[in-house]
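Coordinate inspection notes
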Amino acid sequence: TFMLLHNQSPTKALIRLFPEYDWLEWNFHYISGGYWNDIDNQRRLLDWIGENHGIQSYEEWYSVSQMWFINLIGKGVLKNYDGSPVRLVMNAYPEYPWIPWKFNSVPKGFWDNLNNCRSFFDWLGDTLQIQGDWYRISQSNIIDHGGRGMLALFNGSPTKALFAVYPNRDWKFWEFETVYRYAWDTPFSCRSFLNWAAERLHIKHFDDWYNVSAQNLQDLGGNTFLIKYRDSPANAISSIYLEHDWTMWKFSNIPKGFWNDLANQRAYFNWLGDLLNLQCYQDWYKVKKTVVDKWSHGLLSNLYSSSLSKALINVYTEYPWRPWKFNRTYMSSFEDLHNTRTFIEELGNELGVNFLEDWYRVSKKKIKTFRAAHLLKGSSLFDILQKVYPNYNWDPTKTCFPNSTKRS
């Protein structure tokens with residue numbers, strides 16, 4: 001009957017029988033149902049823990065871990081708080097301005113609430129005296145001040161976290177020390193960066209971009225931006241400002257592989273021909289290689305063994321080029337029998353050769369007058385004539401221009 005009167009609770013019975021004793025209910029094997037729902041009981045427990053285990057100030061509760069708490073008094077009281085001693089302490093002592101991230105661990109799901117993330121950054125800004133300049137914030141700054149769990153939600157990126165927490169700020173994410181991987185995925189982000197960079201680089205007109213180097217953009221925080229465009233300012237600028245008709249070879253450096261496209265080579269020579277006021281393809285014969293090299297960024301040296309004639313013949317295949325008419329030509333052009341025959345025929349016309357026998361009268365001096373002596377380097381006129389007219393019975397003793405083989 002006695003136990004029934006106390007809901008069969010020995011704890012309640014003993015407390016009722018001996019009210020003068022300072023009972024510690026949490027030390028009983030069984031605690032009355034609903035005991036921990038009373039906030040006063042929770043506070044009384046924490047007061048006792050503090051007195052008996054050296055916790056003398058509110059701040060010292062930050063070092064209490066879940067395991068330490070369970071080993072001390074079990075899981076009972078924590079069931080009301082999803083196993084979190086943080087929630088228990090904060091609920092039991094509401095008069096203190098608790099900072100949740102200063103505990104060993106925050107309650108489960110705490111960082112899922114964006115308001116908590118914002119409170120953390122507001123506090124961190126005051127603590128580090130950031131005064132709104134978040135661009136120098138680092139991972140270690142956040143982790144060292146209790147934000148490891150929060151940062152994990154944003155793939156370890158302070159930039160991503162700040163964008164989410166303060167979405168209405170006019171962020172210039174390229175000013176952060178580390179820019180997250182996908183920041184440059186939108187054309188808007190890339191254009192915003194270049195618009196901002198233009199102000200710093202005093203760019204007033206589109207043509208001013210031609211003088212901008214990769215280093216200029218990297219110094220402004222554009223390292224990862226340039227990676228997106230294969231480290232080429234020309235690629236980046238021409239891809240973003242589509243409203244302008246760009247002349248790629250005017251940039252400080254052209255994109256890697258640009259000249260591998262024959263259409264780009266042709267566009268360059270068309271542009272240069274207009275600039276030099278060339279009226280027909282034959283006008284190219286008088287153009288010097290140094291003029292072409294001024295804007296070509298190694299086109300001739302890298303693809304055509306520094307030969308202008310070789311480049312033009314490859315680019316403008318529709319024209320009947322005469323390689324020997326260039327200031328300099330490439331010797332391999334005479335490996336083609338058609339080229340060699342055409343050269344000999346035109347040379348013959350220029351020197352008044354009407355019959356094959358007339359070639360015996362041609363001297364080295366006359367060849368020089370025609371500016372063709374350099375084309376015979378490595379071969380004698382006699383050798384070339386034999387190659388072009390193999391059916392004619394050439395007499396090496398009659399030629400003025402010596403053959404390549406010494407004879408006695």
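Calculation notes
- Residues numbered from 1 in each chain as written.
- Predicted model: local features only at pLDDT ≥ 70, side-chain atom pairs only at ≥ 80, totals over all residues.
- Heavy atoms only, no water.
- Helix = DSSP H or I, 4+ residues; strand = E, 2+ residues; numbered from the N terminus.
- Buried < 20%, exposed > 50% of the residue type's maximum accessible area, 1.4 Å probe, protein only.
- Contact = heavy atoms within 4.5 Å.
- Areas by Shrake-Rupley, 256 points an atom, 1.4 Å probe, with all protein chains shown as cover.
- Axes fitted to C-alpha atoms, helices over the stretch in contact; angles between N-to-C directions.
- Parallel < 35°, antiparallel > 145°, perpendicular 65-115°, else oblique.
- Left-handed = near helix turned anticlockwise from the far one by under 90°.
- Nonpolar A, V, L, I, M, F, W, Y, C, P; charged D, E, K, R; others polar.
- Phe/Tyr/Trp six-rings, centres within 6.5 Å; stacked < 30°, edge-to-face > 60°.
- Lys NZ or Arg CZ within 6 Å of the ring centre and 35° of its normal.

Turning to the overall build of the protein chain, a few remarks are in order. When helices and strands are counted, the protein chain shows 20 helices and zero strands. The 408 residues of the protein chain split such that 43% are buried. Across the protein chain, the fraction of contacts at a sequence separation of at least 24, relative to all contacts at a separation of at least 6, is 46%. Roughly 23900 Å² of accessible area belongs to the protein chain as shown, and the carbon and sulfur atoms make up 49% of that amount.

The next thing to look at is the packing of helix α14 (residues 262–275) against helix α15 (residues 289–296). Taken N-terminus to C-terminus, the directions of α14 and α15 make an angle of 120 degrees; their axes are 11 Å apart at the nearest point. In terms of their interaxial angle, α14 and α15 are classed as oblique. Crossing hand, α14 versus α15: right-handed. Every residue of α15 that contacts α14 at Tyr268, Phe269, Trp271, Leu272 and Leu275 is listed here: Val292, Trp295 and Ser296. Partitioned by chemical class, the residues of the contact of α14 with α15 number seven nonpolar, one polar and no charged.

Considering the arrangement of structural elements, one finds Thr342 in helix α18 (residues 337–351). Beyond its immediate stretch of four places on either side in the chain, Thr342 contacts Arg322 and Trp324.

Bringing the packing of aromatic side chains into the picture now. Applying the stated criterion across every chain yields a total of 60 aromatic pairs. Centroid distance Trp101 to Trp111: 6.2 Å. Interplanar angle 25 degrees. Geometry classified as stacked. Separated by ten residues along the polypeptide, Trp101 in the loop between α5 (85–92) and α6 (114–127) and Trp111 in the loop between α5 and α6 bring together distant segments of the chain. With a relative accessible area of 8%, Trp101 lands in the buried category. Look at Phe120 and Phe121: their rings are 5.4 Å apart centre to centre, the planes differ by 70 degrees, and that puts the pair in the edge-to-face class. Owing to a relative accessible area of 0%, Phe120 belongs among the buried residues under this scheme. Here a set of aromatic residues connected by ring pairs shows up, and it is made of Tyr135, Phe163, Trp171, Phe173, Trp174, Phe176, Trp184, Phe193, Trp196, Phe225 and Tyr229. Across the ring face of Tyr166, the terminal group of Arg169 is positioned such that the distance to the ring centre comes to 4.2 Å. For Lys228, the ring lying beneath its charged end belongs to Tyr229, and the centroid distance is 5.8 Å.

Remember, this is a structural readout, not a statement about activity or role.
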